[in-house]
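# Understanding the architecture of this molecule
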Amino acid sequence: MRINILPKHIATCVFVLLSALLLITARPSASVAELSVAATLSSATFSVDEGAQLTITVNGSRSADVQIPETGNFDIYQRGKSSQVNMINGEFSSSITITCLLRAYEPGRYSIPPITIVADKKTLLTEEIPFEVTAAAQSSRRSNIGSGTAVSPPSPDTDSGGSAAFITLSKAKQKSYVGEIVPVEIKAYFKQGLRANLNSAPEIIGDGLVMPQLHEQPRQTQERVGAATYSVLTWQTTLSNIKEGRHTIHLELNATQLIPQRRTSTSLFGQRSPFDDDLFDSVFGGYKQKPIKVTSEDITLEIMPLPEEGRPDTFTGAIGNFALHTSADPLQAEIGEPLTLTMEISGSGNFDRVEAPSFPDSADWKTYSPSSTFTSPENTTYSGEKQFVQAIVAKSPAINQIPSLSFSYFDPDQGRYITTNSQPIPITVTGKTTVPLQPSAVQARPEPQQEPQPAVSPEGIAGLAPLHLETGKSVATIIPLYRSPLFLAVMLLCLAIIIVLSVLRLQKVRAQHSPDETRKRQLQKTLQDSLTAVEAALAKEDSTAFLAAVRSTIQAHLGGLWKCEPSAITSANLSKNLAHSPELLAIFTTAEQAAYSGASLSRETMQDYAQTLKTELVKLI
């Protein structure tokens, strides 16, 4: 009996202890310390490439909402949040610590404005915190472009920690000619430790020059710039000069910076959890995405017109450095037999303006239009070999060679026109020219006497096939085609294919009329209509109307997906249900805030928002 009763006593004791603990933790708020807030900065002075840690402490509450203010010359990123609960003499005290990262982009004296803290339905403000940012030897220059950051290259004669990212254009000629193709090298530098994703290939911004779209993957290397190490992406491409004059250009590259986010602390009763280590932040903390625009320094190039002096008549616009080589096959032919003339032009330059050398006009030759092919060992359009194949026919046995051909081009390095000539190709033409009979001779010819024609023998006449007098293979009965086994098998196969296709078509029609497919089509149509309103607002460059349309589009689409009232959807719903889509949450939060406080967006930002909105919403269907 004691063995059976003892567990009941233990269970009773555990229940009493748990009840007492619940009563203690449920004491009225009068025993909780009064609400207060304090903010401290880890350093009042730091360099532009270092940053500082901002710590906000809220005493007397277990939960708090921090509203980071908008800043102009520096940014504040929330890294994590931790809470502590202490019990001393039956009195509970709790506090929350919010850790933020402060980064400035220009030297100067600044102040962190009061930060709003909402805790236990009360609003608290921190005090203003002044700080000073000193210049680094290589500092990143920042300018607001929508919601992104433009990062320009550092000065080449400086040496220190280095910019976070920059882009350069090298090997470009300061002076070149209209129509000339100039090979260049583009390098994008990203400081080691910077996490970023490329959103586009580098683009040239400016007038007078054109750069082909970069499709190939860049070559990845590492370089040392000053005291910093960078991961470097290198593209080999060309610039095409299309307009004479002095032109100022620069390069732009869109990327997304991934900023690590610190997890909420797991500490309890004042004890630090082992999972609060930075190692777990990198694994579980996640990243905040921030668009950046990396730009190069302005580059001024002069494009000159081609000179008129010395321009040959055979010049077709080829600019570069070329060589001409010709060959023929066969080298011996009869009159009227075609020869294949191959003309090869190799070198580097604008091969799109390289045309086949003109064959000299002559009554002794008949020529046809040439065909062309281009090959490049480096897989570029700037260097390689362009081959022309032309059919030519000799019309006289007196011809003993294929004449020399001329090709003219402009050499930009020497600044003059060059004409290169091929060597004549010796050939042999055989045969006699047919001389037509004179009309008088034809009239004087006597009429031949009609002689009886002999019977045609089975062996036939010379030059003609003999007659076949024997019969072929005979059959007893003739089977109609529709009764042939092969014909029936083909018909059965066709019938089976028709049946299979009909069944698949029927399944497709049924699937299209299913409730899920009908709902999916309705969502697609609603989304398309909503995106039309977004595009209309974007075309007018109206930020207020654009953000209102964006917010309405997201609410309408998610309302259809979640089967709820669209107007009731808030950023809290997106944060809870769409944690895998931070871009959509960020756009909706901006649109939601703009509905109350207004916002002004650049056209580039609105275009990025519209593209991201369409991509993310289509994924949810």
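See the structure above.
Let me sum up the structure you'll find in this document.

About the criteria used
- Residues numbered from 1 in each chain as written.
- Predicted model: local features only at pLDDT ≥ 70, side-chain atom pairs only at ≥ 80, totals over all residues.
- Heavy atoms only, no water.
- Helix = DSSP H or I, 4+ residues; strand = E, 2+ residues; numbered from the N terminus.
- Buried < 20%, exposed > 50% of the residue type's maximum accessible area, 1.4 Å probe, protein only.
- Areas by Shrake-Rupley, 256 points an atom, 1.4 Å probe, with all protein chains shown as cover.
- Salt bridge = Lys/Arg side-chain N within 4 Å of Asp/Glu carboxyl O.
- Pairing = 2+ DSSP bridges.
- Expected span 1.5 Å × (residues − 1).
- Contact = heavy atoms within 4.5 Å.
- Core = buried A, V, L, I, M, F, W, Y, C linked by side-chain atoms within 4.5 Å.
- Phe/Tyr/Trp six-rings, centres within 6.5 Å; stacked < 30°, edge-to-face > 60°.
- Patch = residues over 30% accessible without salt bridge, like charges linked within 9 Å, V, L, I, M, F, W, Y side chains within 5 Å.

## A short note on the overall build of the protein chain
Within the protein chain, the regular secondary structure consists of nine helices and 34 strands. Across the 621 residues that make up the protein chain, the buried fraction comes to 33%. Accessible area for the protein chain stands at about 38,300 Å²; split by element, carbon and sulfur atoms hold 54% of it.

## Overview of the pattern of salt bridges
For the structure shown, the criterion picks out 13 salt bridges. Within the structure, one salt-bridge network assembled from shared partners comprises Lys173, Glu180 and Asp413.

## Topic: the environment of glutamine 84
Checked against the element boundaries, glutamine 84 lands in strand β5 (residues 74–88). Relative accessible area serves as the criterion here: at 35%, glutamine 84 is assigned to the partly exposed category. Sequence separation of glutamine 84 and threonine 97 is 13 residues, and the distance between their C-alpha atoms is 8.4 Å.

## Topic: the pairing of strand β10 (residues 129–134)
The alternating pattern of β10 places Ile129, Phe131 and Val133 on a buried face, while none of Pro130, Glu132 and Thr134, on the opposite face, is buried. Pairing of strand β2 (residues 45–47) with β10 involves three bridges; the strand directions are parallel. Of the residues in β10, the one forming a bridge with serine 47 is threonine 134.

## Notes on helix α5 (residues 515–540)
What sets the pattern is the α-helix's 3.6 residues per turn: residues three or four places apart point alike. With 26 residues, α5 ought to run about 38 Å at 1.5 Å a step, and its terminal C-alpha atoms sit 38 Å apart, in line with that. Along α5, the positions that sit buried rather than exposed are Leu523, Leu527, Ser530, Leu531, Val534, Ala537 and Leu538. Structurally, α5 contributes buried residues whose contacts are with α6 (543–562) and α9 (603–620). Phi turns positive one or two residues past the end of α5, at glutamate 541, with a value near 55 degrees.

## Here's the deal with the nonpolar core
Generally speaking, a soluble globular protein has its nonpolar side chains buried in company with each other. Counting 27 residues, the largest nonpolar core has Phe546, Val550, Ile554, Leu574 and Leu613 as its most contacted members. Contributions of two or more residues to this core are made by α5, α6, α8 (582–597) and α9. If one sorts the elements of this core by residue count, α6 sits on top with seven residues. Residues contacting leucine 574, with those up to four places away along its chain left out, are Ile554, Leu558, Trp562, Ile569, Ala579, Leu584, Leu585 and Phe588. Ile112, Ile117, Leu124 and Val133 belong to the second largest nonpolar core, which has 26 residues in total.

## Re the packing of aromatic side chains
Scanning all chains against the criterion turns up 16 aromatic pairs. Summarising the aromatic geometry, the rings of tyrosine 177 and phenylalanine 410 are spaced 4.8 Å apart at their centres and angled 70 degrees between planes, so their arrangement reads as edge-to-face. Taken as a pair, tyrosine 177 in strand β14 (residues 175–177) and phenylalanine 410 in strand β31 (residues 406–411) lie far apart in primary sequence, 233 residues in all. Of the two residues examined, tyrosine 177 and phenylalanine 410, each falls in the buried class. Pairing phenylalanine 351 with phenylalanine 374 gives two aromatic rings, centres 4.9 Å apart and planes at 50 degrees, and the pair type is tilted. Taken as a pair, phenylalanine 351 in the loop between β26 (338–349) and β27 (365–367) and phenylalanine 374 in strand β28 (residues 371–375) lie far apart in primary sequence, 23 residues in all.

## A word on a nonpolar patch on the surface
A contiguous nonpolar patch, built from Leu493, Ile497, Val500, Leu501 and Leu504 and spanning about 480 Å² of accessible area, is present on the exposed surface. Structurally, leucine 504 is set in helix α4 (residues 485–512). The class of leucine 504 is partly exposed, set by a relative accessible area of 47%.

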